[in-house]
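Letter by letter, the chains look like this.
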Amino acid sequence: MPLAATETYKNYIGGKWVQSKEGRTFEDRNPANRDDIIGIFPKSSKEDVDAAVQAARKAFHSWRLTPAPIRAEILFKAGQMLMQKKEEFAKLMTREMGKVLKEARGDVQEAIDLIFYAAGEGRRLFGQTTPSELPDKFAMSVRTPVGVCGLITPWNFPMAIPMWKMAPALVCGNTIVFKPASDTPLCAAKLVEVLVEAGLPDGVLNLIHGSGEEAGMAVLNHPDIQLISFTGSAQVGKEVALKSAEKFKRVSLELGGKNCILVMDDANLDLAVDGAVWGAFGTSGQRCTASSRLIVHKKVVKDYTEKLLERTKKLRLGDGLLPTTDVGPVINETRMKKIHEYVEIGKKEAKLLTGGSPFNEGDLAKGNFYSPTLFGDVKPSAVIAQEEIFGPVTAIIPVENMEEAFHAANQVRYGLSSSIYTQDVNKAFKAMRELETGIVYINSSTIGAEVHLPFGGTKDTGNGHREAGQTMLDTYTEWKTIYVDYSGKLQKAQGID
Ligand code: NAD
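Bear in mind the structure is a predicted one, so any value in this text is a computation, not a measurement. (Residues numbered from 1 in each chain as written. Predicted model: local features only at pLDDT ≥ 70, side-chain atom pairs only at ≥ 80, totals over all residues. Heavy atoms only, no water.)

### Structural notes on helix α10 (residues 298-314)
1) Next: Counted at 1.5 Å a residue, the expected span for α10 with its 17 residues is 24 Å, and the 25 Å between its end C-alpha atoms agrees.
2) Next: Most pronounced at Tyr304, the bend in α10 amounts to some 30°.
3) Next: Taken residue by residue, α10 has Val300, Val301, Tyr304, Thr305, Leu308, Leu309 and Thr312 as its buried positions.
4) Next: Looking at the buried positions of α10, the neighbouring elements they touch are β13 (259-263), α9 (269-281), β14 (291-297), β15 (351-354), β16 (373-376) and β17 (393-399). (Helix = DSSP H or I, 4+ residues; strand = E, 2+ residues; numbered from the N terminus. Expected span 1.5 Å × (residues − 1). Bend = angle between axes of the 7 residues up to and from the residue. Buried < 20%, exposed > 50% of the residue type's maximum accessible area, 1.4 Å probe, protein only. Contact = heavy atoms within 4.5 Å.)

### Section: α9
1) Next: Between its first and last C-alpha atoms α9 spans 18 Å; for 13 residues at 1.5 Å apiece the expected length is 18 Å, and the two agree.
2) Next: Taken together, the buried positions of α9 are occupied by Leu269, Ala272, Val273, Gly275, Ala276, Val277, Gly279, Ala280 and Phe281.
3) Next: Along its buried surface, α9 packs onto β13, β14, α10, β16, β17 and β19 (417-421).
4) Next: Measuring from the backbone nitrogen of Asp270 back to the side-chain oxygen at the start of α9 gives 3.2 Å, which picks out Asn268 as the cap.
5) Next: In the segment just after α9, Thr283 is the residue with positive phi, at about 50°. (Polar contact = N/O pair within 3.5 Å; in protein donor to acceptor, adjacent residues only side chain to side chain.)

### A short note on the pattern of salt bridges
1) Next: A full pass over the atoms with the stated rule returns 30 salt bridges.
2) Next: Among the ionic pairs, Lys165 bridges to Glu467, the shortest N-O distance being 3.0 Å. Residue Lys165 is located in helix α5 (residues 160-171), and its partner Glu467 is located in the loop between β21 (458-459) and α15 (472-476); the two are separated by 302 residues in the primary sequence. Of the two residues examined, Lys165 and Glu467, each falls in the buried class.
3) Next: Of the charged contacts in the structure, one is a salt bridge between Asp460 and Arg413, with a shortest N-O distance of 2.9 Å. Placement of Asp460 in the loop between β21 and α15 and of Arg413 in the loop between α13 (402-410) and β18 (414-415) is noted, with a sequence separation of 47 residues between them. (Salt bridge = Lys/Arg side-chain N within 4 Å of Asp/Glu carboxyl O.)

### Observations regarding the site of the ligand
1) Next: Close contacts around the ligand come from 27 residues, with Thr153, Lys179, Ser233, Leu255 and Glu388 the closest.
2) Next: Within the contact set of the ligand, an oxygen atom lies 2.6 Å away from a side-chain nitrogen or oxygen of Ser233.
3) Next: Between a nitrogen atom of the ligand and a main-chain N or O atom of Leu255, the distance comes to 2.7 Å.
4) Next: Notes on the ligand: free accessible area 850 Å², of which the protein chains cover 90%.
5) Next: Broken down by secondary-structure element, the contributors of at least two residues to the shell around the ligand are α7 (212-221), β11 (227-231) and α8 (234-246).
6) Next: Of the residues forming the shell around the ligand, the biggest block, four residues, is contributed by α7.
7) Next: Split by residue class, the shell around the ligand holds 15 nonpolar, eight polar and four charged.
8) Next: Both domains that furnish three or more residues to the shell around the ligand are identified here as domain 1 (3-255 + 462-481) and domain 2 (259-442). (Near = heavy atom within 4 Å. Areas by Shrake-Rupley, 256 points an atom, 1.4 Å probe, with all protein chains shown as cover. Nonpolar A, V, L, I, M, F, W, Y, C, P; charged D, E, K, R; others polar. Domains from an automatic or database assignment.)

### Quick word on the domain arrangement of the chain
The accessible area lost on association of the parts is a frequent measure of interface size.
1) Next: You can read the domains of the chain as domain 1 (3-255 + 462-481) and domain 2 (259-442).
2) Next: Taken over C-alpha atoms, the centre of domain 1 sits 31 Å from the centre of domain 2.
3) Next: Taken together, the contact pairs 21 residues of domain 1 with 27 residues of domain 2.
4) Next: Together, the buried faces of domain 1 and domain 2 total about 2,000 Å²; carbon and sulfur atoms form 58% of this surface.
5) Next: When residues of domain 1 are sorted by the area they lose upon contact with domain 2, Arg34, Glu103 and Trp155 head the list and together hold 28% of the total.
6) Next: Taken together, the links from domain 1 to domain 2 amount to three salt bridges. (Buried area = accessible area lost by both parts, 1.4 Å probe.)

Printed below as a string of structure tokens:
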């Protein structure tokens, strides 16, 4: 396939596409073919971030006063435009970050679903009215915007995750400085183009490209950003929380996962194999909800392992744009090395059943391909069963019974997603109660979130916030409680005379 011409892209600040102040740039490359340069993007500094924050601050004065249903109209329009562009955007997403085309379509669709869901809030944003304890007095609470939001996002859902943050922030009346991952700047630029074209006033949404250490850090440190919404690794998330605490910023963190599928002795094994293949190897295992642990009852572990091994060996690596590809590349060479380090550790602590190395033969020589990797006989305490690998690697952990399965499932620092395959309703309900994750699936894989339900995790996966669902509004609004006394006299609460 001929390579497309390399374009140069800009930041978007105060309603204008502008170069970074220092003129530095970085390249965005296709992980399936590193020779394919997708674009040249500005490498922004503290000064660029400052310009974006000033634009967002200025725009906040009028955006917060724009009626929410009018703000929502712009989101509805952007949602319709995204529907038109779904195929185009899915293709550029696959080229930019590697996930297979059908999954890239799903990523764009999730952004569309979320923008429509958030736009619907323009005519809700419900508060409460409640009786007062005093006569001739009225009591209510209303949601108000927080201010300028700094949104920092990862590359693995390059349209869905930014939209999970942008759409609720905007409908609630906030303005934005958006710093996307430097591996997926094009997806970010395309989303911003759509929102701008749909009619967002200048300064309401500002886009700053660049590295986490420089541009991301400048967002964290900026005194005029009131809220940080961050999705990424736990390691960086901790730094985000500490830096933000110094300035009392509101912080929402969505971090890593070490998700598990429990396969009980009464499970439909074929269904549980389908769930593992999709959960472990979809998006090349680079999902926060990836099924990286398969906790299997000893009575069925032999059968289950055989079936899963057969399916794993059949998976075809390749460019995600080709219909023959099951598993695309991983995001970059640094990530690939990290995955391989974990696999080398795994080879010492468990049994490697298939995969176990990068794949760089023939057409795939110029891409970051890693063979789908399956380990058997893994102990719950093994490094590969404890740490987030974020690649096409999964581990079968045999257990004696359901209690041991719950114990193994919960014995990790993360708490994002879990699933159980069982035909027994009693076991299913016990799992719903016992699994310490923010999301639990019954007879379905660890992935498949829908935007109208809360999304997020417990323990080191976050700090208690939830994206999507009605809970998204809690991140992007402050509650204001209002009392209206129409008695014409001084009335005191708590029965004070
Ligand atoms: P990452 O933490 O390396 O980077 C995330 C973002 O933070 C990027 O935009 C990056 O540029 C920026 N960043 C990096 N260092 C920074 C710093 N010092 N200050 C400010 N910003 C900084 O994560 P990643 O590799 O892009 O994404 C993978 C991780 O994201 C995985 O751990 C995955 O589980 C997690 N993730 C979580 C969810 C969720 O909802 N829980 C969803 C998707 C991904």
